[in-house]
Amino acid sequence: MTDTTLAAPKRRFRFDRNASTILLLAAILIYVVLVVALGQTRFLTLENLIAILTRSITLGITAIGQTFAILVASIDLSVASVISAAAVVTSVVMNGNPAMMLPAIAAVLVMGAVIGLINGLVIARLEVNPLIATLGMSLIIQGILSYFYNNFAGNVPAEFQVFAYGSIGVVPFSLIFMFALAGLAWFLLRFTRFGSDIYSVGGNQDAARLAGIKTTRVIVGAHILCSLCAAIAGIYLASRLRSGAPWIGAEGVYDLESIAVVVIGGTVLAGGRGGIWGTMAGVIIFSLIDSIFNVAGVDAFVKQVLRGIIIVAAVAFYAARSQRPVA
Amino acid sequence: MTDQTATTVQLPKRGLPKINPVYVLLIALVLAIIVMNPAFAEPTGYMNYLKRVAALAILSGGALYVIVSGGFDLSVGSLMTLTVIGSSMLASNDPNSTYWIIPLMLGIGAVVGLINGLVVSYLKVPSLIATLGMMISLNGVAFMWSGGAPRGYLPDTFRFFGRYNISDVPLIGILPVAVICLAVFGVILWWGMHRTNYGRMLHAVGDNPQAARLAGVPVKSVRISAFVISSLTAVLAGVILGGRAGVSVDIGSGFELQAITAAVIGGAQLLGGRGSVPATIAGALALEAIFTLLNLLGLAQPIRLVVQGLILIGAVAFATYQRKRVGR
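Throughout what follows, the structure given in this document is the object of discussion.

Each value, and the rule that gives it
- Residues numbered from 1 in each chain as written.
- Chains lettered and ligands numbered in written order.
- Predicted model: local features only at pLDDT ≥ 70, side-chain atom pairs only at ≥ 80, totals over all residues.
- Heavy atoms only, no water.
- Helix = DSSP H or I, 4+ residues; strand = E, 2+ residues; numbered from the N terminus.
- Rg over C-alpha atoms; globule rule 2.2 N^0.38 Å.
- Buried < 20%, exposed > 50% of the residue type's maximum accessible area, 1.4 Å probe, protein only.
- Areas by Shrake-Rupley, 256 points an atom, 1.4 Å probe, with all protein chains shown as cover.
- Expected span 1.5 Å × (residues − 1).
- Polar contact = N/O pair within 3.5 Å; in protein donor to acceptor, adjacent residues only side chain to side chain.
- Contact = heavy atoms within 4.5 Å.
- Buried area = accessible area lost by both parts, 1.4 Å probe.
- Salt bridge = Lys/Arg side-chain N within 4 Å of Asp/Glu carboxyl O.
- Nonpolar A, V, L, I, M, F, W, Y, C, P; charged D, E, K, R; others polar.

### A closer look at the overall build of chain A
Stage number 1. Looking only at helices and strands, chain A features 15 helices and two strands.
Stage number 2. For 327 residues, the compact-globule estimate of 2.2 N^0.38 gives 20 Å, and chain A sits close to it at 20 Å.
Stage number 3. For chain A, the spread of C-alpha atoms along the principal axes amounts to about 70 × 55 × 35 Å.
Stage number 4. Among the 327 residues that make up chain A, the fraction classed as buried is 51%.
Stage number 5. When the accessible surface of chain A is totalled, it reaches about 14,300 Å², and 66% of it is carbon and sulfur.

Structure, rendered in structure tokens:
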């Protein structure tokens with residue numbers, strides 16, 4: 001073993017670890033340059049920065065959950081439907097009555113946990129491909145939801161809108177909540193047995209099983225957390241929109257976008273490597289891109305086209321160097 | 001090593017008449033429909049059913065190429081939408097435009113498939129993400145092109161393929177052009193998958209890309225061509241669907257999942273290596289038969305989604321269970 005053979009993989013490894021930071025800095029740089037070039041320095045205030053971050057709270061909360069699913073080498077395509085379902089259930093159960101706030105939240109969280117449990121069991125026990133299992137789950141949820149509701153249903157009491165609109169000074173509650181949730185997730189991954197089990201199972205499921213880890217439980221746990229986060233994102237969205245409709249999750253493309261920000265954040269789609277803070281960087285990158293489009297005045301449809309291209313390009317940024325053929 | 005014993009063990013199994021369960025399912029469903037609605041046994045009944053299913057069946061046959069090669073193609077639904085909207089925008093009510101619009105659309109489809117394939121093969125983006133990104137972009141392009149609301153309509157020459165019925169055919173009375181298209185493209189897709197060297201390479205790539213590469217299969221070009229074929233069938237399906245159903249902005253949405261469901265019902269193995277075109281077409285027929293049955297039972301449209309989701313999970317779980325039992 002010579003020095004050169006050791007140095008080469010080490011450098012690439014460091015690039016992988018820092019790629020999300022590089023992307024984040026690049027996005028900030030482009031944003032600042034664009035704003036200065038257009039002479040619109042009013043976009044550079046603290047208030048505007050917070051506004052940019054606040055725009056992607058739904059995505060951020062969803063992506064925290066998605067990180068768990070992807071770390072365990074699974075994936076969850078049902079988050080968009082879970083968000084819709086959670087938002088509708090929240091607003092229908094509350095129906096303008098402040099007394100129903102806690103029951104509604106409890107009901108939504110239970111629903112999220114049950115959906116995650118089913119997802120996890122179908123994937124871990126029946127060994128159904130996670131893409132198909134969660135796509136199927138998504139169809140089922142969407143079908144049930146649009147059987148009962150086809151428009152905005154129920155409404156959220158004013159007291160509950162504080163979750164989305166209230167703030168301490170200039171910092172909204174929801175932003176604090178998102179970062180608190182991210183901190184909690186980080187703690188879970190970094191310092192608990194469950195967290196290290198997630199990395200083991202994601203890295204190599206067979207090895208983890210042989211090492212005595214109950215892989216089924218870990219996969220099910222990761223999916224429960226993923227669906228719970230999606231449900232919380234739905235609750236937040238209901239609070240912000242003041243009501244829930246069965247299409248709001250699909251309209252936000254939260255399934256694909258949450259996967260994209262997780263991957264941009266440096267979590268490997270094959271599982272076992274990555275973390276929460278990378279995901280948060282990915283979320284901020286996405287909201288910056290959105291703001292760049294807004295500042296530059298890009299047409300809504302063009303924005304959609306570019307967004308699709310950016311998602312693929314971002315994933316390619318990480319994946320192109322891998323030697324394995326992909327599915 | 002155990003190669004020879006493996007083949008000798010397998011040979012008697014192959015000898016047994018082993019019917020793909022999808023055919024049994026299809027026959028059972030059709031019988032159930034006939035019991036509930038005897039008019040279905042008349043030529044107009046089943047020909048209309050075949051006409052309805054033609055777009056999905058062709059699409060599934062093409063999607064199977066990607067599935068057998070080990071990927072997914074989720075962009076086909078939006079490509080169908082783009083085909084219908086683009087054609088109606090370009091046609092501007094000129095009946096002669098059809099003759100250049102369809103080749104142009106096939107060209108666009110080929111480019112879309114090529115991009116999908118190149119992104120998956122060279123940039124190593126998982127096909128699911130690559131084609132989902134393509135789906136978002138194509139939907140955006142369709143909206144951009146039409147300005148949000150489609151204008152114009154498809155000329156009759158364009159709608160010929162999806163709508164026209166040849167009447168006074170002996171024995172069966174009517175014969176929709178869509179059904180002829182289904183038969184023709186079904187045979188072509190079957191031939192390409194099961195009777196050519198290319199089809200064998202496709203199976204090899206999906207089963208084990210490394211082994212295929214070492215055996216001299218041009219893995220990248222095989223995978224890219226699978227995406228091109230899938231996109232071309234999506235354009236054909238779009239032409240037929242647009243002809244039958246007319247122009248709307250979300251006409252193709254949901255078809256990508258229906259095509260995968262049809263392939264899975266037909267016993268295709270997700271992530272590659274196994275799949276049959278006739279069984280996939282039978283899967284598409286079965287899926288449409290289930291939808292017809294749900295209609296006859298008076299169940300609302302959203303129930304379709306629930307049933308489709310359950311079938312998707314159930315079929316894959318069943319296939320996994322069977323594979324585990326056989327020990328492969």
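We are not done yet, so read on.
### Quick word on helix α13 (residues 277-296) of chain B
Residues and elements named next belong to chain B.
Stage number 1. Spanning 20 residues, α13 covers 28 Å between terminal C-alpha atoms, matching the ideal 28 Å at 1.5 Å per step.
Stage number 2. The element α13 is extensively covered by neighbouring structure, given that 17 of its 20 residues are classed as buried.
Stage number 3. Two to three positions downstream of the cap, the backbone nitrogen of alanine 279 sits 3.1 Å from a side-chain oxygen, assigning the N-cap of α13 to serine 276.

### Overview of the interface of chain B and chain A
In many reports, interface size means the accessible area that the parts give up when they come together.
Stage number 1. Across the contact, 45 residues belong to chain B and 43 residues belong to chain A.
Stage number 2. Carbon and sulfur atoms supply 81% of the area that chain B and chain A bury against each other, a total of about 3,700 Å² over both sides.
Stage number 3. Across the contact surface, chain B and chain A share zero salt bridges.
Stage number 4. Listed by contribution, the elements that provide at least two residues to the side of chain B that touches chain A are α5 (98-122), α6 (127-146), α10 (209-214), α12 (255-265) and α14 (301-326) of chain B.
Stage number 5. Its residues assigned to classes, the side of chain B that touches chain A comprises 29 nonpolar, 13 polar and three charged.

### A look at the side chain of glutamine 66 of chain A
All names here are of chain A.
Stage number 1. Residue position: glutamine 66 is located in helix α3 (residues 57-71).
Stage number 2. Using a relative accessible area of 0% as the deciding quantity, one classes glutamine 66 as buried.
Stage number 3. When near neighbours in sequence (up to four residues on either side) are disregarded, glutamine 66 contacts Ile75, Asp76, Val79, Cys226, Asp255, Ser258, Ile259 and Val262.

### Brief notes about the pattern of salt bridges
Stage number 1. For the structure on display, the rule yields six salt bridges over all chains.
Stage number 2. Residue arginine 307 of chain A pairs with glutamate 257 of chain A through a salt bridge whose shortest N-O separation is 3.3 Å. Here arginine 307 of chain A is found in helix α15 (residues 300-319), whereas its partner glutamate 257 of chain A is found in helix α13 (residues 254-264), with 50 residues between them in sequence.
Stage number 3. Overall, the relative accessible area of 25% leaves arginine 307 of chain A in the partly exposed class.
Stage number 4. Linking arginine 163 of chain B and aspartate 156 of chain B is a salt bridge whose minimum nitrogen-to-oxygen distance equals 3.1 Å.
Stage number 5. Note on aspartate 156 of chain B: relative accessible area 57%, which makes it exposed.
Stage number 6. One network of salt bridges, with partners in common, ties together Glu257, Asp290 and Arg307 of chain A.

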